[in-house]
Amino acid sequence: MRVAVNYICEKTQLKKELESSKKNFYKSINNFLDCFDICKNVRDDSGKIIDFDIDSMNRVACYQKQLEQQRLVMEISQHVRESLNLPEILQTTVEEVRHLLQTD
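On a predicted model such as this, the values are computed, not experimentally measured, just so you know. (Residues numbered from 1 in each chain as written. Predicted model: local features only at pLDDT ≥ 70, side-chain atom pairs only at ≥ 80, totals over all residues. Heavy atoms only, no water.)

Draft legend 1. Broad picture of the pattern of salt bridges. Under the definition given, this model contains 2 salt bridges. The partner of Arg71 in a salt bridge is Glu68, and the shortest N-O contact between them spans 2.7 Å. Highlighted residues: Arg71 and Glu68, both in helix H2 (residues 59-82), separated by 3 residues, approximately one helical turn. Exposure remark for Glu68: the relative accessible area of 37% places this residue in the partly exposed category. The partner of Glu75 in a salt bridge is Arg71, with the nearest N and O atoms 2.7 Å apart. Pair noted here: Glu75 and Arg71 are both in helix H2, with a separation of 4 residues, about one helical turn. Residue classification places Arg71 among the partly exposed residues on the basis of a relative accessible area of 40%. (Salt bridge = Lys/Arg side-chain N within 4 Å of Asp/Glu carboxyl O. Helix = DSSP H or I, 4+ residues; strand = E, 2+ residues; numbered from the N terminus. Buried < 20%, exposed > 50% of the residue type's maximum accessible area, 1.4 Å probe, protein only.)

Spelled out as structure tokens, the structure:
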């Protein structure tokens, strides 16, 4: 009986610690500068993974990344519009995409 009571007490304490740790984790990810999602899988009755749900995400960083991507696309579009002939348009597009991807 004493072992069962100790087991229940320990399990309850571990659950509280896990919940506290989980709350601290989710608070900390909201301060990250990188955009990311934490997903959990959705399974059918047979246990096969059929989908994923977003459990948590750093929404501010994801929104900032989306804004930056939109700004870059608008900048590329503006540079392309400034060109008047097809070879220049294609060259400008290649240069801008390379710059965007940070490649040679």
